[in-house]
Amino acid sequence: MSIVADRLNRISPSQTIVISTKARALKAEGRNIISLSAGEPDFRTPDNIARAAMKAIENGQTKYTDVAGTPELRKAVAERFRTDSGLDYTPEEVIVSTGGKQVIYNAMMASLNPGDEAIIPAPCWVSYPDIVTLAEGVPVIVPCKRENGFKLTAEELEAAITPRTKWFFLNSPCNPTGAAYSAEDLRPLCDVLLRHPHIWIFTDDIYAKLVYDGFRPATFVEVEPRLRARTVTMNGVSKAYAMTGWRIGFSGAPVEMTKAMNKLQGQSTSNPCSIAQAAAVEALTGPQNFINEMVETYQGRRDLVVSMLNQASGLQCDKPEGAFYVFPSLEGCLGKTSAGGRKLDTDEDFVTALLEEEGVAAVHGSAFMYPGHLRISYATDTESLREACERIQRFCAGLV
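In every chain, residue numbers begin from 1 and rise along the written sequence. At least 70 in pLDDT is required for a residue's local features to be given in this predicted model, at least 80 for side-chain atom pairs to be given and counted, and no such filter applies to totals for whole chains, interfaces and linings, which use all residues. Only hydrogens and water are set aside when side-chain values are computed; all heavy atoms of the structure are taken into account.

Under an unreviewed UniProt entry, the name given to the protein is Aminotransferase, and the source organism is Acetobacter indonesiensis. Among the UniProt annotations of the protein, the heading Cofactor (unreviewed entry) holds the following wording: "pyridoxal 5'-phosphate". As its UniProt record puts it under Sequence similarities (unreviewed entry), the protein is described as follows: "Belongs to the class-I pyridoxal-phosphate-dependent aminotransferase family." UniProt positions are given in the numbering used here, feature names are shortened, and annotations may be inferred rather than shown by experiment.

This is the structure in structure tokens:
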């Protein structure tokens, strides 16, 4: 009899982690590898935030905190929601978790019963379907057309709804496409959801500050306050504040939902790291100007990568509104053979050959429930991005 629970056999390891691990292994062997697979800012955590953590240690802030986070941090989160999006959450409606992923896990485990459905627009972050599955729910994947900017339409949402639908996920800006929803984009989706009061909304806004060309993303409760009573608004410090390793995510939600998540967290990880929480208070309440500087850098990188990928034979790359990813189509490359002799029948074949033959790590679109594409992160230095794109151009030119 296997020691491994059946529930674990229903999910897969994170494909982004798998690719990153393989890239690190090749690098350890002495290969010149440029990894564009990880969703992690290459910027250092700002000094004022790091100093706040050191001060917390010096002041002895190394004890357990409330399971839901310190009062100071929950207050700072509520104020940041109010300042950034006009959302009126009280500290009692806020929970702080060990990263945004735990917020999602808590929400699904606290609410899903066997057979409950969760609508997930695709392309989607790799963890959404598996977390739903682990909670004994049923992920309902709805492909979003590239010609619509990879954005879900009201008609597509309506068609996916059943009496078993319990959740609707939306990630804006999106990982992996960078597609972002404006208030105008969200309005028709809100109208659909108002007609179906049994559906809760989980909105993942972790990339909301990373948008370009003056685009302003919106979030559900901001656009339609009547949805507040059944919406979990998730965010965190990982992406906008370059704090991935600090593991601080948070959400605003009705008290009943927040209490349920707190109950689950209290019997799993308990409170997030007290030192990281002190750093997060400084991140949310301290100077914000460095975010604009980071966004300006990302925008320049985005423009470089989009331009160079569109010069690669067989690739088609759209310009995203936000995040730090591009999601080019491989339509003109699949079915061919690489210079190293690998037949490229699938997007996974493409990224494997690209890594082995040119030393560039990317993630195949199938990992994001959207075959025929690949995700490239431009959260790395410009010189490395330019070199990686030149390698991709060479790889594509060698296909026959």
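And the narrative resumes.
Draft legend 1. Seen up close, the sheet that holds strand E9 (residues 325-326). Strands sit in the order E9-E12-E11 across an open sheet of three strands; the sheet is antiparallel. Both outer strands of the open sheet, E9 and strand E11 (363-364), are each paired with one neighbouring strand and no more. Any two strands with at least two DSSP bridges between them are considered paired. Think of it this way: any DSSP run of H or I at least four residues long counts as a helix, any run of E at least two long counts as a strand, and we number them from the N terminus. In terms of strand pairing, E11 meets strand E12 (residues 374-377) through two bridges, oriented antiparallel. Bridging from a neighbouring strand, valine 363 pairs with arginine 375 of E12.

Draft legend 2. Expanded view of the packing of helix H4 (residues 100-111) against helix H9 (residues 255-266). Geometry is summarised by axes, namely lines fitted to C-alpha atoms with helices restricted to the contacting stretch, and by angles between N-to-C directions that run from 0 to 180 degrees. Viewed as axis vectors pointing N to C, H4 and H9 meet at an angle of 105°, and their least axial separation amounts to 9 Å. Between H4 and H9, the interaxial angle falls into the category roughly perpendicular. Judged by residue contacts, Gln102, Val103, Tyr105, Asn106, Ala107, Met109, Ala110 and Ser111 of H4 engage Met257, Ala260, Met261, Leu264 and Gln265 from H9. Each residue receives one of three labels: charged for Asp, Glu, Lys and Arg, nonpolar for Ala, Val, Leu, Ile, Met, Phe, Trp, Tyr, Cys and Pro, and polar for the others, Gly being one of them. Here the residues of the contact of H4 with H9 sort into nine nonpolar, four polar and no charged. By the definition adopted for this analysis, an angle is roughly parallel if under 35 degrees, roughly antiparallel if over 145, roughly perpendicular if from 65 to 115, and oblique otherwise. Contact definition: two residues touch when any of their heavy atoms are within 4.5 Å.

Draft legend 3. Quick look at the side chain of glutamine 102. Along the chain, glutamine 102 falls in helix H4. N or O atoms within 3.5 Å of each other form a polar contact, as long as, within protein, one can give a hydrogen and the other can take it, and as long as residues adjacent in sequence are counted only when both atoms are side-chain atoms. At a separation of 2.7 Å, a polar atom in the side chain of glutamine 102 contacts the main-chain amide nitrogen of threonine 98. Those residues in contact with glutamine 102 that sit more than four places away from it in its chain are Ser97, Gln265, Ser268 and Thr269.

Draft legend 4. Layout of the sheet that holds strand E5 (residues 165-171). With mixed pairing, seven strands are arranged side by side in an open sheet as E2-E8-E7-E6-E5-E3-E4. Bordering the open sheet on either side are strand E2 (94-97) and strand E4 (138-143), each of which pairs with just one other strand. Between one strand and the next, the sheet's axes are offset by a mean angle of 20°, whatever the strand orientation. With four bridges connecting them, strand E7 (residues 231-236) and strand E8 (residues 249-252) associate as antiparallel partners. Across the sheet, threonine 233 pairs through a bridge with glycine 252, a residue of E8. Contacts from H4 reach E2, E5, strand E6 (200-204), E7 and E8, with the element oriented near 170° to E5. Against the sheet, helix H5 (residues 127-134) touches strand E3 (117-122), E4, E5 and E6, its axis set at about 155° to E4.

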